[in-house]
Amino acid sequence: MIEYDESEKRLVLKIVYYGPALSGKTTNLLRLHDLLPKEGRGDLMVLDTKNDRTIFFDLLPLLLVAPSGLKIKLKAFTVPGQVQHDQTRKAVLQRADGIVFVADSRREEARNNLESFSNLERNMALVGLDFDRTPLVLQFNKRDLPGIVPESEIRPVWDPTGIPVALASAKEGWGVLETFRRIAGRMYDALDRRISLRDRHGLGREAFLGRLAAR
Amino acid sequence: MIDFVVGEERALAEILSAGEVAPLLEAVADAGASSVRVEDGWKRTLWAAAESGAAEPQRNAGEISFPVFLEGEEVGRVVAAGKEGESAAVSRAASIAARAVTGMAASALKRMLTTETHVQVVRRTHGELLESFRRLEASERSYRELTETLEAKVRERTEELKEAMSRLLQKETMASIGQLAAGVAHEINNPMGFVASNISTLGRYVQRLVEVDAALEKLLEKGAMPPEDAENLRSLRGRLRIDAICRDIPDLILQTMEGAERVRRIVSDLRGFSHVNEGEIQEVDIGGEIERTLRVIANEIPPGTAVERDLGKVPPCRCRPGLVGVALLHLLRNAFQTRREGLAVRIRARAEGRSAVIEVEDNGPGIPREIRSDIFKPFFTTKEVGVGKGLGLSVAYDAARTLGGAIEAVCPEEGGAVFRLTLPLKGDGHAEIR
Ligand SMILES: Nc1nc2c(ncn2[C@@H]2O[C@H](COP(=O)(O)OP(=O)(O)OP(=O)(O)O)[C@@H](O)[C@H]2O)c(=O)[nH]1
Ligand SMILES: [Mg+2]
């Protein structure tokens, strides 16, 4: 959590899109930006890139106001997936409230996915995030491409872990909002436990998701 | 050092400076605004156009305002009041200014985030470099320590090997000495057997001759011989000092027999030494063993040496007698070599708990502090070349250890040295012979 100020009625949250290089993190935010209604979201801020590869991060701010007047700002970040930007990944990961791991569904990317996932686990530990308590959603992206690992192989592996899996094609635009709703939902559950969004701020789960990610 | 969390909230005033905003506000004023300012979310004036003055501008009915956004959120407004008849132009200008401020804020924020992230990355990288440097240093240190301990280990091992070698050498020496001694003992024993038995026979024979002589003397006194013959005989006896000889003979025989007996004992002692590592475990009388050893090295005791014994009641030790002899021999020899003149050696034996304690004390120069830890090491010697091989004390030490005992050296303040040999009375604790 970036900020929670009761007296100012302000809550600032952080979602981080993590994953190996070129898995489609930036594309996810681009699509999300296009899919969400203009009111309630800011512009996508793309920090300096090099040949379209993220070297700092991308940022999409989303806004909603709870019935209690609590202003909730949710900042969605992407990290640079390239191995050498590990420090930046760590910096961005700090105080994340939810993480979307964007994996490349193609078979040949399995190894990169795994390495990036271990990197995520390690960095979470380094910045003090509890892996078991931080909301996490796994997105298998690029489902439009041939040579991808079929769902029948993905489910048996991931379902037992309790980590929700979303399938998407960020390029074609499907699965992106679904992924976002799932992470937002998990974040709501975690937040509701901590700061009673429903009871104290009159913000139910459906309302939260509806305002944040209306279809 | 800047420390921040990526995504931390920034206020408009942190992001933009008056200098950046001023030209925009001036443009609005030029378009005919009587006042123009930028307010934050709480309607506090952040910046105002120059001619609006420092004073809080009047809020009047003719004011128009346009939102300024940051990260999609309205964070302030550009507020302007038009002069009479110029409101349309002012409104247009203010609207443009608001969008321009929003754009400037966005790019300024981007710049800031880039810089801050960069700084943080550099700082972390630097920190991690320092950390890995520290780790490298630590591992280098542990390598160095490892090397040092390895060296010490090698030294220790070399020392052990040297000791083992010297023990081997010693064993070999002892074995060949033993063989030699056994051979010599055998060679001496046979003739000595003749010598001893012949002497006693000779003694008996001579006794008979003495008796004959005595009978002859009686005849002389009776005058049973012609006087001339008697006179000749008398002068012959006188010249040959037969009377004196007859008085001397028993002593001579006795002394010769004693000498022969001593030779026999020395030879059998020698034989005892030749089998140090062999032989049955038996009840060894410590006092007797000390006496025997003293006899063996009697010729090494400097003339005029005072040897004092205090061999209290020590129960017999169950062990191999040869080894006890070896330990005592070297301790005693060491004591007898500490000085040539005025030497006094005290030998004490007593029982202490389950041990026999034998102390050999000399009034020699003592052991310098710096070599005390070395004296039981093989080849360590303080004696001049040729006097000792430097094996003695190490052999004694070894023998004591093999017997399950120990030797320690004590150096009293007043000088001299005391070597204390401790042996278990029940020698079941015999260390394995190496
Ligand atoms: N076919 C296909 N291509 C995709 C999909 N998502 C992203 N891409 C492409 O993959 C490439 C990399 O996408 P990015 O979104 O820049 O990847 P990234 O994860 O941000 O990469 P880094 O910034 O280097 O970490 C781009 O050419 C995208 O168009 C998808 O679902 N299907
Ligand atoms: Mg990217």
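Note that the structure is predicted; figures quoted are calculated from it, not measured. (Residues numbered from 1 in each chain as written. Chains lettered and ligands numbered in written order. Predicted model: local features only at pLDDT ≥ 70, side-chain atom pairs only at ≥ 80, totals over all residues. Heavy atoms only, no water.)

When helices and strands are tallied, chain A shows 7 helices and 10 strands. Each of the 215 residues in chain A was classed as buried or not, and the buried ones make up 57%. The long-range fraction of contacts in chain A, counting pairs at least 24 apart against all pairs at least 6 apart in sequence, stands at 69%. (Helix = DSSP H or I, 4+ residues; strand = E, 2+ residues; numbered from the N terminus. Buried < 20%, exposed > 50% of the residue type's maximum accessible area, 1.4 Å probe, protein only. Contact = heavy atoms within 4.5 Å.)

This part covers unusual backbone geometry. Even without a glycine there, the phi angle at L22(A) is positive, about 65°. Residue position: L22(A) is located in the loop between β2 (10–18) and α1 (25–35).

Right, let's get into the site of ligand 1. Residue and element names in this part refer to chain A. Residues in contact with ligand 1 amount to 20 residues; listed here are only the nearest, K25, T27, T54, G81 and D144. Contact distances for ligand 1 include 3.3 Å between an oxygen atom and a backbone N or O atom of K171. Protein chains shield 83% of the accessible area of ligand 1, which is 650 Å² for the free molecule. For the shell around ligand 1, the elements supplying multiple residues, two or more each, are α1 and β5 (53–54). (Near = heavy atom within 4 Å. Polar contact = N/O pair within 3.5 Å; in protein donor to acceptor, adjacent residues only side chain to side chain. Areas by Shrake-Rupley, 256 points an atom, 1.4 Å probe, with all protein chains shown as cover.)

Okay, the nonpolar core next. The biggest cluster of nonpolar side chains holds 60 residues, and the ones touching the most others in it are F57(A), L93(A), L120(A), L16(B), V28(B) and V78(B). The dominant element in this core, judged by the number of residues it contributes, is helix α3 (residues 87–222) of chain B, at 11 residues. In this structure V78(B) touches V36(B), R37(B), V38(B), I64(B), S65(B), F66(B), V68(B), A94(B), A97(B), A98(B) and V101(B), once residues within four positions along its chain are discounted. In terms of nonpolar packing, the next biggest core, distinct from the first, is built from 42 residues, I347(B), I375(B), F376(B) and F419(B) among them. (Core = buried A, V, L, I, M, F, W, Y, C linked by side-chain atoms within 4.5 Å.)

Once that is clear, we can look at the pairing of strand β8 (residues 344–352) of chain B. Residues and elements named next belong to chain B. The sheet contact formed by strand β6 (residues 306–311) and β8 spans 6 bridges and is parallel. Following the sheet pairing, R309 is matched in β8 by I347. Where β8 and strand β9 (residues 355–362) come together, 8 bridges link them in antiparallel fashion. Residue pairing across strands places R346 opposite E361, the latter belonging to β9. Hairpin connection, β8 to β9: the antiparallel pair is bridged by 2 residues, and G353 has positive phi, about 60°. (Pairing = 2+ DSSP bridges.)

On to the coordination of the magnesium ion (ligand 2), then. The magnesium ion (ligand 2) binds to the protein through T26(A) (OG1) and T54(A) (OG1), with metal-donor distances spanning 1.9 to 2.0 Å. One end of the pair, T26(A), is in helix α1; the other, T54(A), is in strand β5, with 28 residues separating them in the sequence. (Donors = N, O, S within 2.8 Å, 3.2 Å for Na, K, Ca; no water.)

The subject of this paragraph is helix α3 (residues 110–126) of chain A. Along an α-helix, a turn takes 3.6 residues, which lines up residues three or four apart on a common side. All names here are of chain A. For α3, built from 17 residues, the straight-helix expectation of 24 Å at 1.5 Å per residue is met to within 8% by its first-to-last C-alpha distance of 24 Å. Along α3, the residues classified as buried are N113, S116, F117, N119, L120, N123 and M124. Looking straight down α3, one finds that the buried residues subtend no more than 160° of arc, so they occupy a single side. Of the residues in α3, the exposed ones pointing more than 90 degrees away from the buried face are R111, L114, A125 and L126. (Expected span 1.5 Å × (residues − 1). Arc of directions from axis to C-beta.)

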